[in-house]
Structure formats: structure tokens, C-alpha cells
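Geometric and topological summary
Listed here are the chains, written in short residue letters.
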2 protein chains.
Amino acid sequence: MTEGEGGWVDALRARLGDRVSVSAGDLNAHAHDEGTPYTCIPGAVVFARSEADVLATLSTARESRVPVIPWGAGTSLEGAVLPVPGALSLDLSGMDTVGEVDPVGFTVTVGPGVRRMALNRRLRPHGLFFPVDPGADASLGGMAATNASGTTTVRYGGMRENVAALRVALLDGRVLSLGSAARKSSSGYALKHLFIGSEGTLGVITALTLRLHPLPPATASVQLAFPDVASAVLASVTVRGLGVVPERLEFVDAETVRAVNRHRDRRDPEAPTLWAEVAGRDGADVDAQLALLREAAELHGGQVVGEARTPEAQSALWAARHGVYDALRAAWPGHATRIGDVCVPLPALADTVTLALHLLDERGLTAPLVGHIGDGNLHLLMHALPDDAAAWARIDHVLHDLAAHAVAVGGTCTGEHGVGLRKRAYLRAEHGDALDVMRDVKALFDPGGLLNPGKVVGDPDALFEWRSDVPTRP
Amino acid sequence: MTEGEGGWVDALRARLGDRVSVSAGDLNAHAHDEGTPYTCIPGAVVFARSEADVLATLSTARESRVPVIPWGAGTSLEGAVLPVPGALSLDLSGMDTVGEVDPVGFTVTVGPGVRRMALNRRLRPHGLFFPVDPGADASLGGMAATNASGTTTVRYGGMRENVAALRVALLDGRVLSLGSAARKSSSGYALKHLFIGSEGTLGVITALTLRLHPLPPATASVQLAFPDVASAVLASVTVRGLGVVPERLEFVDAETVRAVNRHRDRRDPEAPTLWAEVAGRDGADVDAQLALLREAAELHGGQVVGEARTPEAQSALWAARHGVYDALRAAWPGHATRIGDVCVPLPALADTVTLALHLLDERGLTAPLVGHIGDGNLHLLMHALPDDAAAWARIDHVLHDLAAHAVAVGGTCTGEHGVGLRKRAYLRAEHGDALDVMRDVKALFDPGGLLNPGKVVGDPDALFEWRSDVPTRP
């Protein structure tokens, strides 16, 4: 039903006034995510300020049968927030209140539009932080919706482990309160977990209660170079066996170190490299952990490139790891990037890296390989000129082969970016009959297919499912 | 449908031969759990040896419309494994294979009937262990089915955090493979989490892949006495802020210390008491953690009762905590026990303990209070003569008031024992509209109400739902 046909924009305006926009600027600002090349212009954007606004939006969507696509910060990489062309983008960025910090239970309740960096600025005076760090300054609602994780997941877990409770607005107008500030429960079915990672296809998150963690009293970092990827993986396993769980444990491949050396005029060994940050009670504690990291590295043929204890020295040490993206952009001016991720069981990680390098080579491509090595989570930072269709096709081939491989070795097609539109093709191989059950669950919450339709469990061959008169292949 | 009417036992025998039993001994052995006073004699027991046996059982159940109640070790406390009288108990204890340990990814795949103590004996030579410790020597399948947790959850999480993957047989004959050995995923809906804690009402767990942890290189323990419960809670919070996460952090109330003193001829201060076990890289590491525990305790008026570093000394120190149950049995010979649990947000824990003591006093009862204090999880060890109906009614009143209080302060009616039959009454208050969604989910997996019917999301006023000619109130 279009605006002209059903007047759904008028119906929205009657309920939400100037929180509804059809200005070209607002529509275009919600037409892209940060990872997919599609442009999908919505018919209207609602800038929700409250749960009541979300319910009013869902009510109109239900009555007018217009698809609703929740929008947090737009930092999605696999198309999860792309609107159905002509339909409704529900922007939650204005629901950005941060509640009182509970200094005993270490929780805080926030709106879905709160960004993680702003949250951590608010938490710092309390001596607490929210650890999940996907890189982008994403919204907490979006992070829960994709079960985001990142560099600190090796120690703290991802969103799933750090969302204590959710409020979720359903399409039928009910609001569910799922989970609690209690640290555990065996009461009833884990609906909270069903919504974490559902990418807005089952309901709209209107509030989150998050688990917080004390800021570590002391930290230190080390950079380690290894003869090969397998040695780096084994060193990370040995470290854990020695009783050390790093805050972060990051990997890049040799080629990438070479690129960063060129870009930053560094002379780091051009070998598979780990960066580890450890946290502890005090300097002696982190020193002891660094000693065990050195021991584990040396046991597997690794060498220490550098160590750092002060915040400034640590920033300098990590600059090489954090400089990967800049080095890529400097080396390939004008190129666009696409970051693909898979996650495999740790015993399969070294071979997966080898395969990734082989696939790139086979297609005449280069791409930095960056991994959250403790989790078996590998990222490829692919790049090409925006209009080089042949290159993007080769990139698609590599990412396809890698996702298929990850599933074949018992891993997952997406470790932390979500399914969105582009990982749907792997869900049958990864989940088997469980995909049908997921579709039954989708039908339970959204029988009319109006909540972020087509995403996650949708038909992988259909780009969007709504109106036949709107082009769906941009 | 009874055996005579539908011949379902004959149908089972045709498929499963002597793995089907109707002997009085076998039926009676599956008529009780360890926490509820009901006797519910099943019509037959299937001793499944394989997933194929489970599927054959479910097939017969579906065709003959006979309820199936999965049975692991029978250590359930809230009635989750009690059969529907006259129906089918599906005993999974024979599915007890332990797969190869993955020494890189730290996982192992086990049958649902494997008991946790046997598993840990198998893991020890690999330098690994499975941390979830609910006290009882439960089966891993049963532990996943109730989302069990326990003393080590403060550090390692419960079953939800430590089950990497599940195989689940559905009533319709499909087998779902949920999750993977990859350490994280953002791929599709979290069906694995839906089954964890579903107590056999949605499907039957036929295999589990578990996350393992390295045995700590060093441990030490401390016993701390506090002027009041609130001080003990605050000390536990301070400890976390100082960067120490104990392996275990256990609480008992003053009266209970008194009872253990009498029973064991000890002279521990009769005050609210914490026991903490810390783990670390080496002796210096655990010594430093003990020093911070002392500091945190003293800051909140606590005093050190004892410290222990060797395994023997630690056993002696913990004996007072572990002696609670024995002291209870010694003080009240012939009494039966009922352990109730709730879990509340940490800021509400001290008041919850105070309320529990008040409720006991009001009803003229005594009960040791034992808590996993880092999780806000409180247990009451109630006791009475088995046939003292008035006492059991008073006990029910106390546990009812406490569960209602836990929900009212934003906690949960059951931290780790599950819902079974007896916590169903609190699900509406705890979950609101989400209870209706849970019932929709139940109907999706089990439209005929044959999988552990009436449990978890069933009508709290009905004890069992099957045949009107079988007495359901024992």
C-alpha cells in the first residue's frame, strides 16, 4: 500500500506529528548502511522519541500493512537496516536516555539509540564500562539486534552475555519485558535470547538493561610475531591454559603488517602477528601476565616485537593494529571497502586463514586479514573502486567461498556482523532443519511479514519482499 | 490412551525391545524427583541408548498420543522430571558417551545422560574441567534443560554460557543441530537458548557440545565473617571492583554457622559469613587476591576467620560451608528437606535475606540460608517430618512469599532450580505478556501437549494434564 493508496504517511503524521519525515535528506540518510552497495530509499522516516512512538508506528504499520525497518546508527555491514524501498524506516537514535547506574549490581538501563562511546563516557566516572566493542560507534539497540561482539569478547563475551534485560515492542502492540537485573534465572523460555540477534525481524527493542564491568586497575600490552598462523593460534591456546585471559587478543597476517609498515614507516617483522592487552590488579599482576604471554609465544616460535605499560605506550603499540584500515585506504585511494566476517572452531582457524589467502590470490585480490583470534573470528577487509563491477564480483566469490568453508568446518557464516540480506544464502547449510523452525518463529511474531521483511530468515534469492511496483534490485 | 486401549507399550516394544520396561522397580524409580513430595508412577520407562531410540520413542508418543517426560538423573527439585501418571518416562541415562576432548578449542561433545562428576574425572588428565556445579551429580542433559548453575557461576556462568551446541529431537521427528563449536555467531535466531531451560517441554536433548576451561594452576580460600548481610554483599561488590573475580563466593547466615559449630564442634564467629575461593597463575597471584579480599572485608567491617592455600587446608576451611546439609540432618533426624531458591538483583539481596529470616520466624520455622552471593541467588534449606502436613504448609507459605518478593523486586522466582510444577504460579507476575508468547512457542513445538505436559508454562492450577481417569493429585 503506497502513501497515495493508503495514506499511511498521513496516518503516521496524525499520531506522531513532526516526528515523521519525508524530506529527501532524511530519506537518503536512511537509504544505505556501511557495508552493502544497495541504495534503498524509504517512503518515510519516523524519529521515535519514546516507546509510545514505537507503538504508534507499529500500529500504523499493522493497520496500513507497511513494512517497518528499525534503524539505530546505520553502521550495519550486511544490509540489516536497509529499508524496503518506499516503506518505513524507524529511527531509534532519539531514544538515547541513559538511566541511573546501579553501583552495586553493575547495571544500567539505556534507550536503544544510545551509542556505545557516549555510554562509556557516562560510565567512566563510576569506574565502570560496557565492554562490547564492535569497532563502529554503533547503537546499543543495534548491537543487541545483531548480537554484536568484537575485540573484548574473548574476555567479556558479546552482547548476548552482557544484555541483562530487554523491552521489546511487538507488532501486535504488546510490550514484552524480558530478563531482569538478577544475574541469572531458570524461569521460563529464554525469549530475551530469541530477540538478541534477530535484527528487528521479530520486534523492536525499546530499552536495554546492560551488565557493566569495573574498569581494570592496570593494563599492559604486547605485540608478538610468529613464524606462521598455526603457531599464533597455539600460543593463544597455551596462554589460556596458563591461566591468562587477555582483554583483547588480535591477529593480523604478514602482508598486512607489511602494508602498515609502509604506511607508517615502521619496521615490524612482516610475519603473522598478535597483539594482546592484559588487565590486572596492579603493575605486578600485568607484568606476570606479560611474562606468561612471552613464554607461550616462545614455546611456539614467536618473538616479542614490543611491550607497553603506560597508556601512551600502549596506544603507540596498538597503532599498528589500528592502522590497518588507514593503511588500506592510503594504499588504495578512492577504493570502497567491504568487510566480511566468519567464525570457525579454533582448531580450524589456521587452515581458514590459509584458505582465505589462497582465495584472494586465486582471484588476484589483496585484503588485510584481521582476526579476533581467541574467538576464531576472522575479518577480510576487501576493497575495490566503487564502480569496478568485475572486482566486486571477484570479492563476492571470495567471501562466498569463505562463508561456505566456515560452515563446512563446523563454524558460522557470520561471527558478529549478522545475516542481514547477504548471509541468508548460508543459513540452510549452517542450520539445516532449524532454519524452518526459525521461519515458524518469524511467522509467530510477524505473520504478515512486516518487520524488517526478507532479512535473516527470508528467501535468499529475493532482495526485498513488498510491492511489485517498486524496484528491488537497485 | 492407555496401554490396553492403544497398545502403546506394545508399539514401543516393537520398536525398542527390552529397552522398554514396565517392571515395578523401574516404574517406581522414575516416580519421584529429589525435591517434590509427589509420587507419579509412569506407565512405562524407555531406557534410550541412542538418538534413534529417542526418535522411536517420540514417534510412538506422537502416534499413540502418550505424554513423554525426559529423565536424566532424577535430581530435579521442582518436579520437572515427574512423569504424568501412567505415561512414558524417557530415561536418557544410558546415552552417556563422552566424545574426544578438543585440546585447542576446549570443547567436548557428550550424551545427555553423562553425569557431571564422571565428566570431570574424564577431563582432568587433559588439564580441563567443566565448571557448572549445581551441587547434585546431575546429568548434563538435565542441567541444560533447567539452565542449571551453582557455586562457580559467579566466574564461569551457568549452562547457558557453557553449552556451545545442542542436538534436539523434536516431537515431529526432526533433529535440530543448534549452535556450533565456534565461540560466537550472529547467524539466525538463538534456538539453542530456547531449549536451554525449557525442561523437556519443547524437545529432547540428544547431545551437547560443552565449553571447557583450564584447571586453575593455583587456588586459595578464605572465610570471612561480617557484622550483617548488607556488609557482606558490599564487600563482594568491592572485591569485584578491585579486579578480583572469585571462583566461588558463598554465603551462609549466622544461625547456620551456629548449627554447624554445634555439629562439628567448631568455634567460628556466629555471624553472616562468606567463603571465597580464588584461582590464579601461581601462589603469588592467589596471595595477592586474598590480600584484596581481606582489604574489601575490613572496609565493610568484616574479619578473616581463616585462610587456606593447600588443597587439604582448603577442604577443611570449606567443610563448614559444605557441612550445612549434614548439620541440618543431624539436628533434625528423620526430617525431609525441601530446598527453595530465588535470585534477586544484588542491591535487593540483603533485604531479601532479612525478609527470609522474618518469614521463617513468623511461621515458627528454621532453615539454613545459603547463597551464591555474587549472583544474588539465595537458597532456603527447609525441613520437616515427612508427614507433618501443617509444617509443609507453613514451608509452602514461606517459599511462596519469598518467590513473590523476588519477582516484586525485579528478580526471578527461580535462580537455578527451574520451574517444573511448583514455580509455575509466579510466571505471570515475573514475565507478564511474555508468558503468553512462551505458550505460543510451546504450541509451535508441541501442538498436542505431549512433551512434559503441564510443566513450565502450563496452567499453575493443574497438576497434570492427560487422562481424566488417572488420579493427578497423589
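Residues numbered from 1 in each chain as written. Chains lettered and ligands numbered in written order. Predicted model: local features only at pLDDT ≥ 70, side-chain atom pairs only at ≥ 80, totals over all residues. Heavy atoms only, no water.

Taking an unreviewed UniProt entry as the reference, chain A is identified by name as D-lactate dehydrogenase (cytochrome) belonging to Deinococcus metallilatus. UniProt, in its Cofactor (unreviewed entry) section for chain A, records the words "FAD". Taken verbatim from the UniProt record of chain A, the Sequence similarities (unreviewed entry) comment is "Belongs to the FAD-binding oxidoreductase/transferase type 4 family." (UniProt positions renumbered as here; feature names shortened; annotations may be inferred.)

When its secondary structure is counted, chain A shows 18 helices and 17 strands. What you see for chain A is a C-alpha radius of gyration of 23 Å, in line with the 23 Å of a compact globule of 474 residues. The principal-axis extents of the C-alpha atoms in chain A amount to approximately 70 × 55 × 40 Å. For chain A, with 474 residues in total, the buried portion stands at 63%. Across chain A, the fraction of contacts at a sequence separation of at least 24, relative to all contacts at a separation of at least 6, is 70%. Per element, the accessible surface of chain A, about 16,500 Å² overall, is 52% carbon and sulfur. Where the 43 positive side-chain charges of chain A centre and where its 56 negative ones centre are 3 Å apart. (Helix = DSSP H or I, 4+ residues; strand = E, 2+ residues; numbered from the N terminus. Rg over C-alpha atoms; globule rule 2.2 N^0.38 Å. Buried < 20%, exposed > 50% of the residue type's maximum accessible area, 1.4 Å probe, protein only. Contact = heavy atoms within 4.5 Å. Areas by Shrake-Rupley, 256 points an atom, 1.4 Å probe, with all protein chains shown as cover. Lys, Arg positive; Asp, Glu negative; His and termini not counted. Charge placed at Lys NZ, Arg CZ, Asp CG, Glu CD.)

So, on to the sheet that holds strand S2 (residues 44–47) of chain B. All names here are of chain B. Read across the sheet, 4 strands follow the order S1-S2-S4-S3 without closing on themselves; strand pairing throughout is mixed. The sheet is open, and its two edges are formed by strand S1 (20–21) and strand S3 (68–71), each paired on a single side. Looking at chain direction, S3 and strand S4 (residues 88–91) are connected through 4 bridges and run parallel. The residue of S4 that forms the bridge with Ile-69 is Ser-89. (Pairing = 2+ DSSP bridges.)

Relative orientation of the contacting elements helix H18 (residues 434–445) of chain A and helix H18 (residues 434–445) of chain B amounts to 140°, with a least axis distance of 11 Å. Relative to H18(B), the element H18(A) is oriented oblique. With respect to the hand of their crossing, H18(A) and H18(B) are arranged in right-handed fashion. Where H18(A) approaches H18(B), its residues A:Val437, A:Asp440, A:Val441, A:Leu444 and A:Phe445 are matched on the opposing element by B:Val437, B:Asp440, B:Val441, B:Leu444 and B:Phe445. (Axes fitted to C-alpha atoms, helices over the stretch in contact; angles between N-to-C directions. Parallel < 35°, antiparallel > 145°, perpendicular 65-115°, else oblique. Left-handed = near helix turned anticlockwise from the far one by under 90°.)

Residue and element names in this part refer to chain B. Strand order across the open sheet formed by 7 strands is S14-S11-S13-S12-S16-S17-S15, with antiparallel pairing between neighbours. A strand with exactly one partner marks an edge of an open sheet, and here the two such strands are strand S14 (303–308) and strand S15 (336–343). Ignoring which end each strand starts from, the neighbouring axes of this sheet average 20° apart. Sheet analysis places strand S12 (residues 248–252) next to strand S13 (residues 273–280), joined by 5 bridges and oriented antiparallel. Bridge pairing links Val-252 to Thr-273 in S13.

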